[in-house]
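Examination of the molecular architecture
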2 protein chains.
Amino acid sequence: MINLGLNKSVLPGWKNKNTLNDKTLKNIYGNQATRYVDKNILNCFVFSDSKSFDLIELEQLLQAVGWGRRPLRRVKRALDNSLIKVGLWQHDPKFPRLIGFARCTGDGVIDATIWDVAINPVYQGSGLGKQLMSYLMMSLKKVGIKRVTLFADSDVINFYKRQGWILEPNGNRCAFLYSN
Amino acid sequence: MINLGLNKSVLPGWKNKNTLNDKTLKNIYGNQATRYVDKNILNCFVFSDSKSFDLIELEQLLQAVGWGRRPLRRVKRALDNSLIKVGLWQHDPKFPRLIGFARCTGDGVIDATIWDVAINPVYQGSGLGKQLMSYLMMSLKKVGIKRVTLFADSDVINFYKRQGWILEPNGNRCAFLYSN
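What this report covers is the structure whose coordinates are included nearby. Note that the structure is predicted; figures quoted are calculated from it, not measured. (Residues numbered from 1 in each chain as written. Chains lettered and ligands numbered in written order. Predicted model: local features only at pLDDT ≥ 70, side-chain atom pairs only at ≥ 80, totals over all residues. Heavy atoms only, no water.)

**Concerning the nonpolar core**
Membership of the largest hydrophobic core comes to 29 residues, with the highest contact counts inside it found for Leu88(A), Ile114(A), Leu128(A), Leu136(A), Leu140(A), Leu150(A) and Trp165(A). When residues of this core are traced back to their parent elements, those giving at least two are strand 2 (43–48), strand 3 (84–90), strand 4 (97–106), strand 5 (111–119), helix 5 (128–143), strand 6 (147–153) and helix 6 (157–161) of chain A. If you tally residues by element for this core, the top one is helix 5 of chain A, at seven residues. Beyond its immediate stretch of four places on either side in the chain, Leu140(A) contacts Leu83(A), Ile84(A), Cys104(A), Ala112(A), Ile145(A) and Val148(A). In this structure, Tyr36(B), Tyr135(B), Leu136(B) and Ile145(B) belong to the second largest nonpolar core, which totals 28 residues. (Core = buried A, V, L, I, M, F, W, Y, C linked by side-chain atoms within 4.5 Å. Buried < 20%, exposed > 50% of the residue type's maximum accessible area, 1.4 Å probe, protein only. Helix = DSSP H or I, 4+ residues; strand = E, 2+ residues; numbered from the N terminus. Contact = heavy atoms within 4.5 Å.)

Below, the structure written as structure tokens:
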């Protein structure tokens with residue numbers, strides 16, 4: 001059974017609350033949005049690369065996964081300059097809740113690099129991360145990108161391996177340079 | 001002695017040909033151009049992140065270092081969408097020759113990734129690659145980028161090590177995914 005760390009009993013009225021038809025989906029989340037209904041807990045999740053983000057909500061998500069705080073002004077500019085930003089929302093007609101995120105930078109043609117893949121810890125282990133990556137890769141494929149790269153923390157190496165990523169070193173290596 | 005694989009005797013009249021004052025430097029190569037005179041062979045080289053590229057000349061350079069051919073239309077789009085493009089020219093008042101190149105993609109704020117670092121094989125081993133990287137890092141610093149990454153082929157690992165790059169794996173790894 002998939003455990004999302006959620007309990008149906010804490011979601012009174014979920015049945016009506018989470019009904020989401022095509023028109024509402026596009027209205028709230030944009031034209032490229034995709035819904036994903038978890039059969040076990042009957043929650044409706046939505047992936048979208050066209051819905052805009054509440055920066056404070058995004059920062060809260062990124063901090064929930066343990067990342068350092070960054071000035072919102074800089075985060076906004078980084079998002080503006082990113083090639084694709086994907087959000088994962090737990091659907092609610094009035095207050096969709098951002099529970100996942102990923103973005104990538106790149107030249108829009110040859111290379112793309114994925115950054116900031118995050119799923120709220122409460123929702124981890126449920127397959128949503130895999131779905132998020134799959135949605136992002138689909139978005140990249142539409143653009144026609146030939147090579148996608150990412151830097152993975154050691155504790156999520158297997159997560160990417162299972163999705164077919166080829167891990168380096170394997171003729172190539174990656175390198176980091178941190179400015180002071 | 002630095003060997004650039006060139007011979008003074010094949011450069012008749014180089015002394016006048018390679019004289020380059022500040023005004024001419026900016027006119028030909030742009031405001032941010034930097035000149036580098038190799039004392040041993042008295043050649044003048046110029047780094048610039050603002051001079052535009054002849055796409056065919058750029059492709060010839062990239063093929064000279066052994067990279068696959070790419071459609072020029074796609075290369076043009078990739079360059080347009082790159083954050084910074086740096087060229088290295090052997091100065092000539094009429095026909096500057098492109099002998100080095102590097103570019104990076106990124107969000108312009110937090111992350112940047114360097115791609116396509118190339119020095120024409122004839123000019124390799126002379127320190128120009130190090131100068132090229134140094135010029136590119138300076139351009140990135142001006143933008144205020146906090147983290148710079150790259151993927152290095154195994155035969156140039158030491159080149160980056162000598163410049164202070166921290167090689168992974170070291171808590172992080174890089175991964176590649178090639179689309180079909």
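**Observations concerning the packing of helix 3 (residues 55–64) of chain A against helix 4 (residues 72–80) of chain A**
All names here are of chain A. Between helix 3 and helix 4, the least distance of the axes is 11 Å, while the angle of their chain directions is 95°. By the angle between their axes, helix 3 is roughly perpendicular relative to helix 4. Residues Leu55, Ile56, Leu58 and Glu59 of helix 3 touch helix 4, and the partners they reach there are Leu72, Val75, Lys76 and Leu79. Considered class by class, the residues forming the contact of helix 3 with helix 4 number six nonpolar, no polar and two charged. (Axes fitted to C-alpha atoms, helices over the stretch in contact; angles between N-to-C directions. Parallel < 35°, antiparallel > 145°, perpendicular 65-115°, else oblique. Nonpolar A, V, L, I, M, F, W, Y, C, P; charged D, E, K, R; others polar.)

**With respect to the interface of chain A and chain B**
Facing 44 residues of chain A, the contacting portion of chain B comprises 44 residues. Together chain A and chain B conceal approximately 4500 Å² of surface at their shared face, both sides included; 55% is due to carbon and sulfur atoms. Counting every contact that joins chain A to chain B gives four salt bridges. Across the pair Asp107(A) and Arg103(B) runs a salt bridge whose closest N-O atoms are separated by 2.7 Å. Connecting chain A to chain B are twelve residue pairs in polar contact (both at pLDDT 80 or more). At the level of elements, helix 4, strand 4, strand 5, strand 6, strand 7 (166–167) and strand 8 (172–178) of chain A are the ones that each hand at least two residues to the side of chain A that touches chain B. When grouped by side-chain class, the residues that make up the side of chain A that touches chain B number 19 nonpolar, 14 polar and eleven charged. (Buried area = accessible area lost by both parts, 1.4 Å probe. Salt bridge = Lys/Arg side-chain N within 4 Å of Asp/Glu carboxyl O. Polar contact = N/O pair within 3.5 Å; in protein donor to acceptor, adjacent residues only side chain to side chain.)

**Some points on the packing of aromatic side chains**
Per the counting criterion, the structure on display carries 19 aromatic pairs over all chains. Here the aromatic rings of Tyr160(A) and Trp165(A) are separated by 6.0 Å at their centres, their planes lie at 75°, and the arrangement is edge-to-face. On the accessibility criterion, Trp165(A) (5% relative accessible area) is buried. On the basis of an interplanar angle of 50° and a centroid distance of 5.9 Å, the ring pair of Tyr29(B) and Trp89(B) is categorised as tilted. With Tyr29(B) in helix 2 (residues 22–29) and Trp89(B) in strand 3 (residues 84–90), this residue pair connects regions lying 60 residues apart in the sequence. Among the aromatic residues, those joined into a ring-pair cluster are Tyr29(A), Phe53(A), Trp89(A) and Phe101(A). For the cation-ring pair, Lys51(A) lies above Trp89(A), with the distance from its terminal atom to the ring centre recorded as 5.5 Å. (Phe/Tyr/Trp six-rings, centres within 6.5 Å; stacked < 30°, edge-to-face > 60°. Lys NZ or Arg CZ within 6 Å of the ring centre and 35° of its normal.)

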